[in-house]
Amino acid sequence: MKLVPLKAESGMPPPPKIVSGFHLLRDFKPIESIIDGLPVPRGGLVAVTAPTGHGKTTITTLAHVSFCRGLPFAGRDVTRGSVLVLAGENPDDYTMHLAATVQDLGLYGAELNRPKPMGELLVVPGVFSIDYEINSLADQLMGTELVAVFVDTSAAFYGADDENDNVAMRRHASSLRELTTLPGNPTVFVLCHPTKAANRENLLPRGGGAFLAEIDANLTLWKEESGIVTLHWAGKIRGSSFDPIQFEMSPVELAGFTDCRNRKIVSVAARHVAPDRAEQIVAKQFDDEDVLLIAMQRKPGGSIRDLAMQAGWTTGAGKPQSSRVERVLKALEKTGLVDQDRKRRWRLTVKGTSEAKTL
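First, a word on scope: everything that follows refers to the structure included in this document. These figures come from a predicted structure and were not determined experimentally. Every chain is numbered on its own, with residues counted from 1 as its sequence reads. It should be noted that, the model being predicted, local features are given only for residues of pLDDT at least 70 and side-chain atom pairs only at 80 or more, the latter also being counted only at that level, while totals for whole chains, interfaces and linings use all residues. With hydrogens and water excluded, all non-hydrogen atoms of the structure serve as input to the side-chain values.

1. Details of the environment of isoleucine 134
For helices the rule is a DSSP run of H or I covering at least 4 residues; for strands it is a run of E covering at least 2, with both sets numbered from the N terminus onward. For isoleucine 134, the location among the structural elements is in helix H4 (residues 130-140). Throughout, exposure labels follow a simple rule: accessible area from a 1.4 Å probe, protein chains only, divided by the maximum for the residue type, with under 20% read as buried, over 50% as exposed, and the rest as partly exposed. Its relative accessible area of 13% is what places isoleucine 134 among the buried residues. Remark: the alpha-carbon pair of isoleucine 134 and leucine 182, spanning 48 residues in sequence, is separated by 8.1 Å. Other than its neighbours up to four places away in sequence, isoleucine 134 contacts Glu178, Leu179 and Leu182. Contacts are assigned to residue pairs that have any heavy atoms within 4.5 Å of one another.

As structure tokens, this is what we get:
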């Protein structure tokens, strides 16, 4: 049968084109992962899903700097190039994370402004309509080779009201994918909040199946009680799986920055940790829990300050480390070893009392 070329009507998309399998194989280009060993294909759309406070901005900021400077990310080689960050949710918070990350890596801000050969970090602070401004972005980026675009966050750039609207979420995902057409064919990372009642095993981005169907992979972040944040995936991945990657969050006192009362500003930076180091941190968390259980047995009804003193947790100046007690109490509460009475005083449960006696 002879194929008759179809004529495209004015204003209509071009007709489908039939090609041979030979030409398809001949012209095939292997998928390039911009982070070695991770399912983040060049030109792909990747979600990064985590609850609030679980390190989305902190860890992706480390990736921004890694791409620009050609530094390994979690010990993995990256494709060096420029990065565009759409800081829609909280530009000031992002700026603090960026300052902490640059300082923690021993770099200077000026080193993020070198288009060639390293790469440049470009930021759009605030929210705008991606559909309406995609051409403006492309014009401003003329001559720039982007390796990645980071959207912080999906919710900030979502134009509809209902995140469960499948049609609206599919349209939203399609507009995010349009960012892959910017110069350089960048990978687009979209920071997402998870569905309600999500846990470590089902960290899926809000928007249901419609959004998940449109993305190429869903990376996840989960913060343990020990403070370790684990990068893995859930729900969807195109390509091979990978072993979980772990980070710790390191407080950084920002040099050259003070608040309105002339006090130092502290932010946080992400550091990749090797498996043996992660095991040590987790073991330390269990040690702290054991110490506090014994302190609560010896000082029943004690205040937070009393428990800190009983546990021997004080600063160099002898002040009780109340925040450390509160952090460990929350971990013990989740395992059912402690709870609060009606006066909001912490106490051992029956299970906790048994555990303390054993210790």
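2. Thoughts on the side chain of aspartate 152
Note on placement: aspartate 152 falls in strand S5 (residues 146-152). Here aspartate 152 sits buried without a salt bridge, and the closest side chain of opposite charge, lysine 56, lies 6.9 Å off (N-O distance). Within the structure, aspartate 152 has its side chain in polar contact with the side chain of threonine 57 (distance 3.1 Å). Beyond its immediate chain neighbours, meaning those up to four positions away, aspartate 152 contacts Thr57, Leu86, Ala87, Gly88, Glu89, Phe157 and Leu191. As used throughout, the charge tally considers Lys and Arg to be positive and Asp and Glu to be negative, leaving His and the chain termini uncounted. What counts as a salt bridge is simple: a side-chain nitrogen of Lys or Arg found within 4 Å of a carboxyl oxygen of Asp or Glu. Contacts described as polar in this section are N or O atom pairs within 3.5 Å, which, within protein, must combine one atom able to donate a hydrogen with one able to accept it, while residues neighboring in sequence count only if both atoms come from side chains.

3. A word on the pattern of salt bridges
Inspection of the entire model under this criterion finds 17 salt bridges. A salt bridge links glutamate 163 to arginine 206; the shortest N-O distance between them is 3.4 Å. Of the two residues, glutamate 163 sits in the loop between S5 and helix H5 (166-177) while arginine 206 sits in the loop between strand S6 (187-192) and helix H6 (208-214), which places them 43 residues apart along the sequence. Each of Lys284, Asp288, Arg324 and Arg327 takes part in salt bridges that share partners, so that together they form one network.

4. Things to note about the environment of phenylalanine 73
As for its placement among the helices and strands, phenylalanine 73 is situated in the loop between helix H2 (56-69) and strand S2 (82-87). The exposure class assigned to phenylalanine 73 is buried, which follows from its relative accessible area of 5%. Once the C-alpha coordinates of phenylalanine 73 and leucine 337 are considered, the two residues, 264 residues apart in sequence, prove to be 38 Å apart. Filtering out sequence-adjacent residues up to four positions away, phenylalanine 73 remains in contact with Ile35, Ile59, Leu62, Ala63, Ser66, Val78, Leu231 and Phe247.

5. Notes on the packing of aromatic side chains
Pairing of aromatic rings covers Phe, Tyr and Trp, the last through its six-membered ring, and needs centres within 6.5 Å; plane angles under 30 degrees mean stacked, over 60 mean edge-to-face, and all others mean tilted. Taken as a whole and assessed by the stated rule, the structure comprises five aromatic pairs. Ring geometry for phenylalanine 67 against phenylalanine 189: centres 6.5 Å apart, planes inclined by 35 degrees, an arrangement best described as tilted. Of the two residues, phenylalanine 67 is situated in helix H2 and phenylalanine 189 in strand S6; the sequence distance between them amounts to 122 residues. In terms of burial, phenylalanine 67 and phenylalanine 189 fall into one category: buried. Relative to phenylalanine 189, the ring of phenylalanine 150 lies with its centre 4.6 Å away and its plane at 5 degrees, an arrangement referred to as stacked. Placement of phenylalanine 150 in strand S5 and of phenylalanine 189 in strand S6 is noted, with a sequence separation of 39 residues between them.

6. Section: the pairing of strand S1 (residues 45-49)
Within S1, five of the five residues are buried, leaving the element largely enclosed by the surrounding structure. Along S1, one buried face is formed by Leu45, Ala47 and Thr49 and the opposite face, lined by Val46 and Val48, is buried too. A pair of strands counts as paired when DSSP detects no fewer than two bridges linking them. As judged from the five bridges shared by S1 and S6, these two strands associate in the parallel manner. Its bridge partner lying in S6, valine 48 is registered against leucine 191.

7. Thoughts on helix H7 (residues 275-298)
Along its 24 residues, H7 runs 35 Å from first to last C-alpha, staying within 8% of the 34 Å computed at 1.5 Å per residue. Three or more residues of H7 are buried, namely Ala278, Ile281, Gln285, Asp288, Glu289, Leu292, Leu293, Ala295 and Met296. One fewer than the residue count of a helix, multiplied by 1.5 Å, yields its expected span.

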